[in-house]
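Tertiary structure, described
The lines below spell out each chain.
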Amino acid sequence: PREVVSATLRDMSRCGRGSVVALDYFSREVVQGTGLAENALLKRVVTKLGEPFDFGLEMSPPARQHAAEWVADIGLQLEEVATMRPERAERSQFSGVLIASVQ
């Protein structure tokens with residue numbers, strides 16, 4: 001769940017200055033199985049495999065801003081975000097990778 005991921009990263013934010021963490025993540029829509037039909041299908045598949053999604057970030061445009069706000073609330077600084085698709089105003093991203101550091 002989001003609270004667990006946030007708590008873990010909050011602990012990491014107390015590491016030495018310059019420490020870096022990278023994580024990959026799915027969008028909240030994928031985790032909830034909403035929006036595109038592929039999101040609902042993926043959620044069903046991973047649930048049947050016994051690996052249900054339980055954490056996702058808001059990835060509507062601008063996806064980078066949402067990631068930056070989340071890591072800042074935790075006490076980290078966003079360094080980089082890479083998304084799986086080019087950003088377009090009319091759709092959320094599917095997944096991404098972010099790199100954050102301790103300041």
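Structural data are supplied above this passage.
What you see is a predicted model, and the numbers here were worked out from it, not measured in a lab.

1. Side note on the pattern of salt bridges
- A complete count under the given rule lists four salt bridges for this structure.
- We note a salt bridge from Arg14 to Asp11, for which the minimum N-O separation is 2.4 Å.
- Judged by its relative accessible area of 47%, Asp11 is partly exposed.
- Note that Glu58 is salt-bridged to Arg28, the shortest N-O span being 3.4 Å. A residue pair is termed long-range when its members are at least 10 positions apart, and Glu58 in the loop between strand E2 (56-57) and helix H4 (63-74) and Arg28 in helix H2 (residues 28-32) qualify at 30 residues.

2. Here's the deal with the packing of aromatic side chains
- Inspection of every chain in the model, using the stated rule, returns three aromatic pairs.
- Ring centres 5.5 Å apart and planes at 90 degrees place the aromatic pair Phe26 and Phe94 in the edge-to-face group. Within this pair, whereas Phe26 is found in strand E1 (residues 20-27), its partner Phe94 is found in the loop between strand E3 (77-83) and strand E4 (95-101), the two being separated by 68 residues in sequence.
- According to the relative accessible area criterion, Phe26 is partly exposed, its value standing at 26%.
- Connected via pairs of aromatic rings, a cluster forms that spans Phe26, Phe53 and Phe94.

3. A few points about the side chain of Ser95
- Along the chain, Ser95 falls in strand E4.
- Aside from chain neighbours lying at most four places away, what touches Ser95 is Tyr25, Phe26, Ser27, Met59, Ala82, Thr83 and Met84.

Parameters at a glance
Residues numbered from 1 in each chain as written. Predicted model: local features only at pLDDT ≥ 70, side-chain atom pairs only at ≥ 80, totals over all residues. Heavy atoms only, no water. Salt bridge = Lys/Arg side-chain N within 4 Å of Asp/Glu carboxyl O. Buried < 20%, exposed > 50% of the residue type's maximum accessible area, 1.4 Å probe, protein only. Helix = DSSP H or I, 4+ residues; strand = E, 2+ residues; numbered from the N terminus. Phe/Tyr/Trp six-rings, centres within 6.5 Å; stacked < 30°, edge-to-face > 60°. Contact = heavy atoms within 4.5 Å.

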